[in-house]
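Below are the chains, spelled out letter by letter.
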Protein chains: 4
Amino acid sequence: MAREGTTQVRVRYSEVDRMGVAHHRSHFVWFEMGRTELLRGGGLPYAEVEARGIFLPVIEARCIYRAPARYDDLLIVRTTLAEMGAVRAHFSYRIERESDGRLLATGSTTHAAVGAGGRPQRMPEALRRLFD
Amino acid sequence: MAREGTTQVRVRYSEVDRMGVAHHRSHFVWFEMGRTELLRGGGLPYAEVEARGIFLPVIEARCIYRAPARYDDLLIVRTTLAEMGAVRAHFSYRIERESDGRLLATGSTTHAAVGAGGRPQRMPEALRRLFD
Amino acid sequence: MAREGTTQVRVRYSEVDRMGVAHHRSHFVWFEMGRTELLRGGGLPYAEVEARGIFLPVIEARCIYRAPARYDDLLIVRTTLAEMGAVRAHFSYRIERESDGRLLATGSTTHAAVGAGGRPQRMPEALRRLFD
Amino acid sequence: MAREGTTQVRVRYSEVDRMGVAHHRSHFVWFEMGRTELLRGGGLPYAEVEARGIFLPVIEARCIYRAPARYDDLLIVRTTLAEMGAVRAHFSYRIERESDGRLLATGSTTHAAVGAGGRPQRMPEALRRLFD
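Residues numbered from 1 in each chain as written. Chains lettered and ligands numbered in written order. Predicted model: local features only at pLDDT ≥ 70, side-chain atom pairs only at ≥ 80, totals over all residues. Heavy atoms only, no water.

### Considering the overall build of chain A
- In terms of helices and strands, chain A carries 3 helices and 6 strands.
- When the elements of chain A are put in sequence order from the N terminus, they spell out β-α-α-β-β-β-β-β-α.
- In terms of overall size, chain A behaves like a compact globule, its C-alpha atoms giving a radius of gyration of 15 Å where 132 residues would be expected to give roughly 14 Å.
- Each of the three principal axes of chain A carries a C-alpha extent, and together these read 40 × 30 × 20 Å.
- Residues counted as buried form 60% of the 132 residues belonging to chain A.
- Carbon and sulfur atoms form 46% of the exposed surface of chain A, whose accessible area is close to 5400 Å².
- Put simply, chain A has 20 plus and 16 minus side-chain charges, and the middle of one group is 4 Å from the middle of the other. (Helix = DSSP H or I, 4+ residues; strand = E, 2+ residues; numbered from the N terminus. Rg over C-alpha atoms; globule rule 2.2 N^0.38 Å. Buried < 20%, exposed > 50% of the residue type's maximum accessible area, 1.4 Å probe, protein only. Areas by Shrake-Rupley, 256 points an atom, 1.4 Å probe, with all protein chains shown as cover. Lys, Arg positive; Asp, Glu negative; His and termini not counted. Charge placed at Lys NZ, Arg CZ, Asp CG, Glu CD.)

This is the structure in structure tokens:
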């Protein structure tokens, strides 16, 4: 499976702060949408992963903001699975503005695998095979 | 138990939109904080209600916005349990600015009681007795 | 111009609460997306309205929740301009699940027109003509 | 002025996701509340900084999640001004649970100073002196 996915998102009015730009928490939500679409593209929707009792909480997140996103901007979120290990997964992201291709933000998230009770687990094989 | 509760909330930067005022979805979050504190004041924190397997989803919500709330405003949320019936609970709210007492918004929410699977239930007796 | 618009939205992980369903504040954000697309469809994007110094704050909002929206559900937001008066606009909404057409929520918002400083204004003619 | 500040925040129902833990975007909002209170404690509320036409957008943000925060947990946000330079400010954060002192998250943000139009500026002297 491709380790990269692309999705589009339009900046919502509710995501923009009084500086007139998307509030910095929004990018982490967009990263999450990127992961959702990357897994769907691989044939294993994240909702199915959770239905099997496996959760992938974020244990580290980072974003570098290069240029502001504004209300109604159409954005492209490029998500890359950088590493799928035995107990950790690592994704990286690029957010571009669709109209002019300008890079607005880059970032990364690291995830653990846990069971329903929050106990650490190994990454599910189905997920690891997906990205071989 | 008193059917009224009061809590304070300071408007967060992330709650303010590019008009410079609190986005209208924020008031529903503040209403929810008001309910949380009303139940805590009654000796039955909502977290305990859910720990018993009872959930109180919102089935109707309404807000009338009378004046804008701004970043860093300190607000007073006044919550009243208007009715606790066999299958419905109804709360009403007033949001005032602490500095000058100005009324910023009024609203109401109606709640059903459901079990963990979403099936309708009767309001738990513990909750009904609380407000007798 | 048609007084109705339709847009799609996929429920985000960040919009779902610990009951496993979309938090009730989310619907007001989706309504707002519906308004954005209705105006765009009419040839007057809301960003342009604000660029002219006119803002349309929500002065009343209401939602009736009929069935839960869940993570990754694809939703259809149907927005209707119910009334565009001299000083008020009124929109109504229906949110359906795309997969089975089930009606999940209905609602409405009422808007005033204000200038940059928050002073009441008449609805801009460009907007009123749009919906004649 | 002390370069450290402490504020409390109670985890809202709307901040918790279907894993039953605070969604990872929430921590960045709590960091922002920590900055707000640190500046207020220093006698220069951030609202006043912006009233002077200076904005401090986040240009980099990072969080390490060590243990989950849950609905209704009372949290302590410890904010430290790590560096206030000519053109950059750098804050670090620790979030602890009040009941048992457990460290839930650590993080950092870096800020630029810009004018109302988004043009880079030097950090205002009032702000720099505050932390000398």
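### A look at the interface of chain C and chain B
- Counting residues at the interface gives 21 residues for chain C and 21 residues for chain B.
- Linking chain C with chain B are 4 salt bridges, by the criterion used here.
- In this structure, the salt-bridge partner of Arg18(B) is Glu50(C), at a minimum N-O distance of 2.7 Å.
- Examining the composition of the side of chain C that touches chain B, we find that 8 residues originate from one element, strand S2 (residues 58–65) of chain C, more than from any other.
- The residue inventory of the side of chain C that touches chain B, partitioned by class, reads 12 nonpolar, 2 polar and 7 charged.
- Relative to S2(C), strand S2 (residues 58–65) of chain B runs antiparallel, the two sharing 5 bridges. By the bridge assignment for S2(C), Cys63(B) is matched with Ala61(C). (Contact = heavy atoms within 4.5 Å. Salt bridge = Lys/Arg side-chain N within 4 Å of Asp/Glu carboxyl O. Nonpolar A, V, L, I, M, F, W, Y, C, P; charged D, E, K, R; others polar. Pairing = 2+ DSSP bridges.)

### Re the side chain of His111(B)
Residues and elements named next belong to chain B.
- Along the polypeptide, His111 turns up in strand S5 (residues 103–112).
- At 3.5 Å, the side chain of His111 and the side chain of Arg35 are in polar contact.
- Apart from residues lying up to four places away in sequence, His111 is in contact with Arg35, Leu56, Pro57, Val58, Ile59, Val87, Arg88, Ala89, Phe91, Tyr93 and Met123. (Polar contact = N/O pair within 3.5 Å; in protein donor to acceptor, adjacent residues only side chain to side chain.)

### A word on the pairing of strand S4 (residues 88–97) of chain B
All names here are of chain B.
- Relative to S4, strand S3 (residues 74–84) runs antiparallel, the two sharing 9 bridges. The residue of S4 that forms the bridge with Arg78 is Arg94.
- In textbook terms, the turn of a hairpin is the stretch between consecutive antiparallel strands, and for S3 and S4 this stretch comprises 3 residues.
- Relative to S5, S4 runs antiparallel, the two being bridged by 9 bridges. Counted as the bridge partner of Arg88 is Ala112 from S5.
- Between S4 and S5, which pair antiparallel in sequence order, lie 5 residues; one of them, Gly101, sits at a positive phi of approximately 75 degrees.

### A closer look at the relation of the copies chain A and chain D
- Overlay of chain A on chain D (RMSD 0.0 Å): rotation 180 degrees, translation along the axis 0.0 Å. Here the two chains are linked by the operation of a two-fold rotation axis. Closest to the rotation axis within chain A is the C-alpha of Arg62(A), separated from it by 2.1 Å.
- Comparing contact sets, 100% of the residues at the interface of chain A also lie at the interface in chain D, consistent with an isologous, same-surface contact. (Least-squares fit on C-alpha atoms with pLDDT ≥ 70 in both.)

### Here's the deal with the relation of the copies chain C and chain B
- With an axial shift of 0.0 Å and an RMSD of 0.0 Å, the rotation relating chain C to chain B amounts to 180 degrees.
- A symmetric contact is evident, with 100% of the interface residues of chain C recurring at the interface of chain B.

### Observations regarding the state of the cysteines
- With the rule as written, the count across this model stands at 0 disulfides over all chains.
- Cys63(B) carries a free sulfur, and the closest cysteine sulfur to it, the one in Cys63(C), is 13 Å from it. (Disulfide = S-S within 2.5 Å.)

### Description of the interface of chain A and chain D
- Residue-level contacts link 21 residues of chain A with 21 residues of chain D.
- Approximately 2000 Å² of surface area, both sides summed, lies buried where chain A meets chain D, with 57% of it carried by carbon and sulfur atoms.
- At the boundary of chain A with chain D, the tally comes to 4 salt bridges.
- Across the chain A-chain D interface, the total number found is 10 residue pairs in polar contact (both at pLDDT 80 or more).
- Mapped onto the side of chain A that touches chain D, the elements with two or more residues apiece are helix H1 (26–41), helix H2 (46–51) and strand S2 (58–65) of chain A.
- Residue composition of the side of chain A that touches chain D, by class: 12 nonpolar, 2 polar and 7 charged. (Buried area = accessible area lost by both parts, 1.4 Å probe.)

### Some words on the environment of Glu83(B)
Residue and element names in this part refer to chain B.
- Summarising the element assignment, Glu83 is placed in strand S3.
- Taking C-alpha positions, Glu83 is 31 Å from Ser99, a pair spaced 16 residues apart along the chain.
- Setting aside chain neighbours within four positions, we find Glu83 in contact with Arg88, Ala89 and His90.

### Examining the sheet that holds strand S5 (residues 103–112) of chain C
- Taken in spatial order, the 10 strands make up an open sheet running S1(B)-S3(B)-S4(B)-S5(B)-S2(B)-S2(C)-S5(C)-S4(C)-S3(C)-S1(C), and their pairing is antiparallel. Strands at the two margins of the open sheet, each flanked by one partner only, are strand S1 (4–10) of chain B together with strand S1 (4–10) of chain C. Adjacent strand axes in the sheet meet at a mean angle of 15 degrees, parallel and antiparallel pairs treated alike.
- Lying on the sheet, helix H1 (residues 26–41) of chain B is in contact with S1, S2, S3, S4 and S5 of chain B together with S2 of chain C; it crosses S2(B) at an angle near 115 degrees. (Axes fitted to C-alpha atoms, helices over the stretch in contact; angles between N-to-C directions.)

### Some points on H1(B)
Residue and element names in this part refer to chain B.
- Helix length check: H1, at 16 residues, gives a terminal C-alpha distance of 23 Å against a target of 22 Å (1.5 Å per residue), a fit within 8%.
- For H1, the tally of buried residues reaches 13 of 16 residues, placing the bulk of the element in the interior.
- Just past H1, the residue Gly43 takes up positive phi, approximately 90 degrees. (Expected span 1.5 Å × (residues − 1).)

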